[in-house]
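Listed here are the chains, written in short residue letters.
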Amino acid sequence: MKSKNWTIYLSLVIITSLAVFLIFRTGQSQAQKVTAKDLYKKSCAACHGEDGKGVEKMAKMLKATIRDVTKLTMTAELSKEWDKVTKDGKGKMPAYKAKLKPAEIDSVLAYMQTMTVKPTKSETAEAKDTTKVSKDTTKVK
Ligand code: HEC
């Protein structure tokens, strides 16, 4: 009788520690997988806002302009500029070169870019049309 109780007790201990071990392991692997979004929220959202629209209070405090990125059209040039601004800083924007790994900067900027406007085909076509019209006008004159 006594030894049977011991067996039950022992199995309970083993099961409990296994469960604790598994829960701990899952928690740990989740903590290690910091996503670009988490990184953005942690390092950038204080000034740029979780939605990328910029925190007005912060801008006022810094006496800086934080542009609403949801209104920006993401072009190749702007993407390059963002890379430089984030690494080297600009005005009140802190430099992240020493604080984040290049891969982290890439991923956080990729996340930030998902909030911007993508250039559309019609915009490119419009730009071409405008050039044509101005050329024609020059001919008429
Ligand atoms: C202390 C506030 C602050 C924090 C934190 C901050 N920024 Fe900025 N950021 C600014 C300001 C201010 C500007 C505008 C700089 C200028 O143009 O003078 C800016 C500009 C930018 C721009 C250029 C946007 C544009 O207008 O085209 C990018 C990209 C950017 N930040 C990315 C980041 C990223 C990525 C992080 C986090 C890793 C971050 N910022 C954290 C204040 C901040």
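Check the entry above for the structure.
Nothing here was measured: the structure is a model prediction, and the numbers come from that model.

### Section: the coordination of the iron atom of the ligand
Bound to the iron atom of the ligand are the protein donor atoms His48 (NE2) and Met93 (SD), situated 2.0 Å from the metal. Geometry at the iron atom of the ligand is octahedral, judged from its six donor atoms and the angles of 88 to 179 degrees they form at the metal. Of the two residues, His48 is situated in helix H3 (residues 45-48) and Met93 in the loop between helix H5 (76-88) and helix H6 (102-113); the sequence distance between them amounts to 45 residues. Residue classification places Met93 among the partly exposed residues on the basis of a relative accessible area of 21%.

### Here's the deal with the site of the ligand
Around the ligand, 23 residues are found, and the nearest of them are Cys44, Cys47, His48, Arg67 and Met93. Residue Arg67 places a side-chain N or O atom 2.7 Å away from an oxygen atom belonging to the ligand. For the ligand, an oxygen atom lies 3.3 Å from a polar atom in the side chain of Lys90. At the level of secondary structure, the elements contributing two or more residues to the shell around the ligand comprise H3, H5 and H6. Among the elements that take part in the shell around the ligand, H5 stands out by supplying four residues, more than any other. Class assignment of the residues belonging to the shell around the ligand gives a composition of 16 nonpolar, four polar and three charged.

### Thoughts on unusual backbone geometry
Its identity is not glycine, yet Lys63 carries a phi of approximately 55 degrees, on the positive side. Relative to the elements of secondary structure, Lys63 occurs in the loop between helix H4 (56-62) and H5. Judged by relative accessible area, which is 75%, Lys63 ranks as exposed.

### Let's talk about the environment of Asp68
Examined against the element boundaries, Asp68 turns out to sit in the loop between H4 and H5. Relative accessible area serves as the criterion here: at 17%, Asp68 is assigned to the buried category. The spatial distance from the C-alpha of Asp68 to the C-alpha of Asp51 is 9.0 Å, given a sequence separation of 17 residues. Leave out the neighbours within four places in its chain, and Asp68 touches Gly52 and Lys53. Within the structure, Asp68 has its side chain in polar contact with the side chain of Thr70 (distance 2.5 Å).

### Brief notes about the pattern of salt bridges
Considering all chains together, one arrives at four salt bridges under this definition. A salt bridge links Asp83 to Lys87; its shortest N-O distance comes to 3.0 Å. Here Lys87 and Asp83 lie together in helix H5, a separation of four residues that amounts to about one turn. Judged by relative accessible area, which is 24%, Lys87 ranks as partly exposed. Here the salt bridges share partners, and the residues they tie into one network are Lys84, Asp88 and Lys97.

Rules used in this analysis
- Counting restarts for each chain, with residues numbered from 1 along the sequence as it is written.
- With pLDDT at 70 or above as the cut-off, local features in this predicted model cover only qualifying residues; side-chain atom pairs require 80 or more to be listed or tallied, and sums for whole chains, interfaces and linings still use all residues.
- Hydrogens are left out, water is left out, and the side-chain values use all remaining heavy atoms of the structure.
- Water is not part of the atom set, so a site may look incomplete; the donors themselves are N, O and S atoms within 2.8 Å of the metal, or 3.2 Å for Na, K and Ca.
- Each label reflects the angles at the metal, where four donors whose angles all fall between 85 and 135 degrees are tetrahedral, four or six donors whose opposite pairs open beyond 155 degrees and whose other angles stay between 65 and 115 are square planar or octahedral respectively, and the rest are irregular.
- Strands are runs of DSSP state E lasting at least two residues, helices are runs of H or I lasting at least four, and both sets are numbered from the N terminus onward.
- Throughout, exposure labels follow a simple rule: accessible area from a 1.4 Å probe, protein chains only, divided by the maximum for the residue type, with under 20% read as buried, over 50% as exposed, and the rest as partly exposed.
- Proximity criterion: a residue is near a molecule or strand once any of its heavy atoms comes within 4 Å of it.
- Any pair of N or O atoms that falls within 3.5 Å is considered a polar contact. Within protein, one atom must be able to donate a hydrogen and the other to accept it, and sequence-neighbouring residues count only if both atoms are side-chain atoms.
- Here the nonpolar group is Ala, Val, Leu, Ile, Met, Phe, Trp, Tyr, Cys and Pro; Asp, Glu, Lys and Arg are the charged ones; every other residue, Gly included, is treated as polar.
- By the convention used here, residues are in contact when the closest approach between their heavy atoms is within 4.5 Å.
- One speaks of a salt bridge when a side-chain nitrogen belonging to Lys or Arg is within 4 Å of a carboxyl oxygen belonging to Asp or Glu.

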